[in-house]
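A closer look at the structure
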Amino acid sequence: MRYIAVLLFLLFSSAAFAQEGASQKVNGTIVNDNGFLALSNVNIINLNKAVGTISNEKGFFEMEVSVNDTLHFSILGFQSLKVRVTNDWIKNKSTKIQLTEKAIALEEIIIHPYNLTGYLEIDSKLIPIRENYRYSISGLQQGYEAGENSPNAFGRVMGSIFNPADMLYNFFGKKTRELKRLKQMKKDDTVRNLLESKFDRETLAVLLGIDKNEIAEIMQRCNYSDAFVKSANDLQILDAISECYEEYKVLKKK
């Protein structure tokens, strides 16, 4: 009798484990927590499965998930939200997600003129010119890479390999899973469109598990110009990080 009880316990445990790991379709409705109006075009990314979707005009969305997957919800003007998929959500098939509006204060913008004189020979020397070397990055016809010190990129990446204290060494060495996931996410059209339309680095930071301020430092150590870092969208930054990582892997093998 005891053996039968143990056998039944193992069977139920195996069934429960299989159910927990299996992908199932769930849905939800996204609303503004102030008035509960439906929010359309909310970007939803499954951080574990590297796929995304958006909510429709009624705030409704569907997605393939597994228990303990984390979904990231974001839309302009609202605070982003991460939600863990629970057994209750999968059991009920549906849930309601509430997003909170951001309090946005417009800062004063100061425009600094170049103080042109009207004489071409003089004014041409007053206007700052940035020289940027180029290679393939999403959304740019010929690509766009680092500035005047581009040849130093090899040295910086090589230096990080032989210096365990270097930021690139620590980042690339500890974030291999996240970097592979980023590469996989580029294949999902919803994720690509989201990253192509964003410039705040927030989604990238969530996907990489770092503070978004660190992204600028990573770009600097990979020797990308300030002009690129400030003007590139999140998809282009993703490409740049991926290129630097691939170079790092090649140099490390050698």
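Presented here is a report on the structure given in the accompanying data block. (Residues numbered from 1 in each chain as written. Predicted model: local features only at pLDDT ≥ 70, side-chain atom pairs only at ≥ 80, totals over all residues. Heavy atoms only, no water.)

1. Let's talk about the packing of helix α7 (residues 189-197) against helix α11 (residues 234-253)
At a closest axis distance of 5 Å, the pairing of α7 and α11 adopts a crossing angle of 105°. The pairing of α7 with α11 is recorded here as roughly perpendicular in orientation. For the pair α7 and α11, the contacting residues are R192, L195 and E196 in the first and D234, L235 and L238 in the second. (Axes fitted to C-alpha atoms, helices over the stretch in contact; angles between N-to-C directions. Helix = DSSP H or I, 4+ residues; strand = E, 2+ residues; numbered from the N terminus. Parallel < 35°, antiparallel > 145°, perpendicular 65-115°, else oblique. Contact = heavy atoms within 4.5 Å.)

2. Comments concerning the environment of D200
Turning to its location among the elements, D200 is positioned in the loop between α7 and α8 (202-208). On the accessibility criterion, D200 (30% relative accessible area) is partly exposed. Distance in space between the C-alpha atoms of D200 and D234 is 7.4 Å, their sequence separation being 34 residues. The contacts of D200, once residues within four sequence positions are left out, are K212 and D234. Here K198 takes part through its side chain, which lies 3.3 Å from a polar atom of the side chain of D200. (Buried < 20%, exposed > 50% of the residue type's maximum accessible area, 1.4 Å probe, protein only. Polar contact = N/O pair within 3.5 Å; in protein donor to acceptor, adjacent residues only side chain to side chain.)

3. A word on the side chain of R201
For R201, the position within the fold is in the loop between α7 and α8. Of the polar contacts made by the side chain of R201, one reaches the backbone oxygen of A232; its length is 2.9 Å. Engagement of the side chain of R201 in a polar contact is seen with the side chain of D234, the distance being 2.8 Å. Filtering out sequence-adjacent residues up to four positions away, R201 remains in contact with K212, I215, V229, A232, N233, D234 and I237.

4. Considerations on the environment of L204
Mapped onto the elements, L204 comes out in helix α8. Along the sequence, L204 and L238 sit 34 residues apart, while their C-alpha atoms lie 7.5 Å from each other. Contact partners of L204, with chain neighbours within four places excluded, come to L182, L195, I215, D234, I237 and L238.

5. Section: the state of the cysteines
Taken as a whole and assessed by the stated rule, the structure comprises one disulfide. Put simply, C222 and C244 are joined by a disulfide, and their sulfur atoms are 2.1 Å apart. The S-S bond linking C222 to C244 shows a torsion near -90°; that makes this disulfide left-handed. Placement of the pair is C222 in the loop between α9 (213-221) and α10 (226-231) and C244 in helix α11, with a sequence separation of 22 residues. Given a relative accessible area of 3%, C222 falls into the buried group. (Disulfide = S-S within 2.5 Å.)

6. Structural notes on the nonpolar core
Here is a general trend for soluble globular proteins: nonpolar side chains tend to be buried in one another's company. By size, the foremost hydrophobic cluster in this structure holds 36 residues, and its most contacted members are F171, F172, I218, M219, F228, I237 and I241. For this core, the elements supplying multiple residues, two or more each, are α5 (167-174), α6 (176-185), α7, α8, α9, α10 and α11. Tallying contributions element by element places α11 first for this core, with nine residues. (Core = buried A, V, L, I, M, F, W, Y, C linked by side-chain atoms within 4.5 Å.)

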